[in-house]
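# Commentary on secondary and tertiary structure
Chain by chain, the residues run as shown.
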Amino acid sequence: MASWNHSAKNLSNSELLSLAFDASFASSVTAKVFKILPLTLITLVSIFVNAILIYAVYADVRMRTATNMLIASQGIADLGTSILVMPFALVSVVADGWILGEKFCMANAFFNLFFTQTTVLHMTIIAFERYLVIVKTLLCEISLLRATGLAASAWGLSFLTALPWLDLTTDQATVEYFEGFYVCGIRYHPPVRGLALIYVTLIILLFALLPLVFITYSYHHIRKVIRSKNRSVCPMTQSNAQKLAINVYASSALTSKFVIGTSLIQVFPACFLMLLDGLGVGYIPQDLKTGFKWVMWCHCFVKPAIYASKSSAWRKTIRGYLQKFPLCSLLLKAKAVLRVSDHCKRNSKHPKGGKVCNNSTEGRKETIQTEIEQRKIQAVEKYIWFFRTKEA
């Protein structure tokens, strides 16, 4: 450091300015790279996994249930965010600002708010559907047609409230580019009153407070019902089909609760910070804005990943479609080969089960015959499980 200061004394002012400019340019390029790489990965993964999720529900008749229809509709909102919002944020990061004009800025603000509100409403509807199935068992559960109608109503309400009414009809707010968030949004002109105050209050109530209260209420009662069923004094009063249905619904409720909880943790902080920035309340560092916005967009691929890891039906369906891609197929085959080799090593140490992994023809025949019998038993068990669940 001392040698640098000594050499700097011998430089002219123009040379010092050029060195400072080079250092700032290098730091800005490094910062851009650390912003562009994660966002590019988030965008590509979100598009890929949500496209598979939507196609799985569309192509497989067995996946067309009310809950899966709501999940697919939510996947469409996440896919829209990945295609119509995130790429424009990448352009803004590279260009250090908005370069696409006023009309595209207004469209970007609309799509960002529209898809976010749609996601929150879908999470509320999924919580309501689980509440009806588990808590209000005497009521008719949501059918596929009703689930489609609820999803359509969520899209319609989000569309109406996401339109930039204030910018088009009043001078109390304008659509501007938000630095740090790398998206366009509504900037309110102080003091916030009249129509602007009504609009802000309506947005907070419809898409923040009421969904939080309803989701908390639903899963609180779901938890109470599941605990009471598990601790029943006289379990013989329930048939096997009813017990099986309760276990299936409890597992589904746990998965949806985990998805909704992680999504709310990811989405709400960024939305709250952007609202404060639009209202002009306080100072928010640029890097903090970017970090919360990137975390918010991560929920677009986190939700399908949770469904695939927690639900065996989703896991098998998504794995089947992944095998159609060469790279994914190679990875899955390599994982299967490693699993089989580990299985053979364990069986070679414990030969009492009748399975022997050796190179002899008889050993291979016995292994194949045993695997065929196990698969037949599994198929029968799956059929019985599906039949009992359908009856329940």
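Residues numbered from 1 in each chain as written. Predicted model: local features only at pLDDT ≥ 70, side-chain atom pairs only at ≥ 80, totals over all residues. Heavy atoms only, no water.

### Some points on the packing of helix 3 (residues 66-84) against helix 6 (residues 144-162)
For any two helices packed against each other, the geometry comes down to the angle between their axes and how far apart the axes lie. It is at 8 Å that the axes of helix 3 and helix 6 come closest, and there the two elements cross at 25°. Comparing their axes, helix 6 and helix 3 come out roughly parallel. Taken as a pair, helix 3 and helix 6 cross one another with a handedness that is right-handed. Across the interface between the two elements, Ala66, Met69, Leu70, Ser73, Ile76 and Ala77 from helix 3 touch Leu144, Ala147, Thr148, Ala151 and Trp155 from helix 6. Grouping the constituent residues of the contact of helix 3 with helix 6 by class yields nine nonpolar, two polar and no charged. (Axes fitted to C-alpha atoms, helices over the stretch in contact; angles between N-to-C directions. Helix = DSSP H or I, 4+ residues; strand = E, 2+ residues; numbered from the N terminus. Parallel < 35°, antiparallel > 145°, perpendicular 65-115°, else oblique. Left-handed = near helix turned anticlockwise from the far one by under 90°. Contact = heavy atoms within 4.5 Å. Nonpolar A, V, L, I, M, F, W, Y, C, P; charged D, E, K, R; others polar.)

### Focus: the confidence of the model for the protein chain
Of all residues in the protein chain, 67% have pLDDT values of 70 or greater, and the mean over the chain is 77. Mean pLDDT across the elements of the protein chain bottoms out in helix 1 (residues 2-9) (39) and peaks in helix 6 (93). Counting interchain partners and residues more than four positions distant, the pLDDT-below-50 stretch residues 19-27 has one contact. A low-confidence stretch, residues 350-360 (pLDDT under 50), is modelled with eleven contacts involving residues beyond four sequence positions or located in other chains. (pLDDT = per-residue confidence, 0-100.)

### Here we look at the packing of aromatic side chains
Within the structure shown, the criterion is met by 15 aromatic pairs. Each ring, one from Phe110 and one from Phe114, has its centre 5.3 Å from the other, and the planes form 10°; the classification is stacked. Placement of the pair is Phe110 and Phe114 together in helix 5 (residues 101-134), with a separation of four residues, close to one helical turn. The same class applies to Phe110 as to Phe114, namely buried. An aromatic cluster of three or more residues is present, and its members are Phe110, Phe111, Phe114, Phe115, Trp155 and Phe159. Across the ring face of Phe178, the terminal group of Arg187 is positioned such that the distance to the ring centre comes to 4.2 Å. (Phe/Tyr/Trp six-rings, centres within 6.5 Å; stacked < 30°, edge-to-face > 60°. Buried < 20%, exposed > 50% of the residue type's maximum accessible area, 1.4 Å probe, protein only. Lys NZ or Arg CZ within 6 Å of the ring centre and 35° of its normal.)

### With respect to unusual backbone geometry
A cis amide bond links Pro190 with the next residue in sequence, Pro191, at an omega value of -5°. Positive phi values are uncommon outside glycine, yet Asp96 reaches one of about 60°. For Asp96, the position within the fold is in the loop between helix 4 (86-95) and helix 5. The exposure class of Asp96 is exposed, given its relative accessible area of 62%. Look at Tyr182: it is not a glycine, yet its phi comes out positive at around 60°.

### Notes on the state of the cysteines
All chains considered together, the criterion is met by one disulfide. There is a disulfide in this structure between Cys105 and Cys184, and the S-S distance comes to 2.2 Å. Taking the sign of the S-S torsion, about -120° here, the bridge from Cys105 to Cys184 comes out left-handed. One end of the pair, Cys105, is in helix 5; the other, Cys184, is in strand 2 (residues 183-188), and 79 residues separate them in sequence. Summarising the burial analysis for this pair, Cys105 and Cys184 share the class buried. The structure places no disulfide on Cys300, whose sulfur is separated from the nearest cysteine sulfur, that of Cys298, by 8.6 Å. Judged by its relative accessible area of 0%, Cys300 falls in the buried class. (Disulfide = S-S within 2.5 Å.)

### Describing the nonpolar core
Ranked by size, the top nonpolar core spans 43 residues in total, and within it Ile134, Tyr188, Ile215 and Ile260 carry the most contacts. Contributions of two or more residues to this core are made by helix 3, helix 5, helix 6, strand 2, helix 8 (195-230), helix 9 (240-279) and helix 10 (286-310). When sequence neighbours within four positions are dropped, the list of residues in contact with Ile215 reads Met123, Thr124, Ala127, Ile260 and Leu264. Core analysis: the second largest hydrophobic core is formed by 30 residues, Leu90, Phe115, Ala162 and Trp297 among them. (Core = buried A, V, L, I, M, F, W, Y, C linked by side-chain atoms within 4.5 Å.)

### Comments concerning the pattern of salt bridges
All told, the structure shown has six salt bridges when counted by the stated rule. When the shortest N-O distance is used, the salt bridge between Lys32 and Asp96 registers 3.1 Å. Residue Lys32 is located in helix 2 (residues 13-59), and its partner Asp96 is located in the loop between helix 4 and helix 5; the two are separated by 64 residues in the primary sequence. The partner of Glu129 in a salt bridge is Arg130, and the shortest N-O contact between them spans 2.8 Å. Across the pair, exposure class does not vary: Glu129 and Arg130 are buried alike. Salt bridges linked by common partners bring Glu176, Arg187, Asp277 and Lys289 together as one network. (Salt bridge = Lys/Arg side-chain N within 4 Å of Asp/Glu carboxyl O.)

### Some details on the packing of helix 3 against helix 5
Two numbers describe how helix 3 lies on helix 5: the axes approach to 9 Å, and their chain directions differ by 165°. Our classification of the angle between helix 3 and helix 5 gives roughly antiparallel. Between helix 3 and helix 5 lies a crossing of left-handed hand. Here Thr67, Leu70, Ile71, Ser73, Gln74, Ala77, Asp78, Gly80, Thr81 and Leu84 of helix 3 lie close against helix 5, whose contacting residues are Asn108, Phe111, Phe115, Thr118, Thr119, His122, Met123, Ile125, Ile126, Glu129 and Arg130. Its residues assigned to classes, the contact of helix 3 with helix 5 comprises nine nonpolar, nine polar and three charged.

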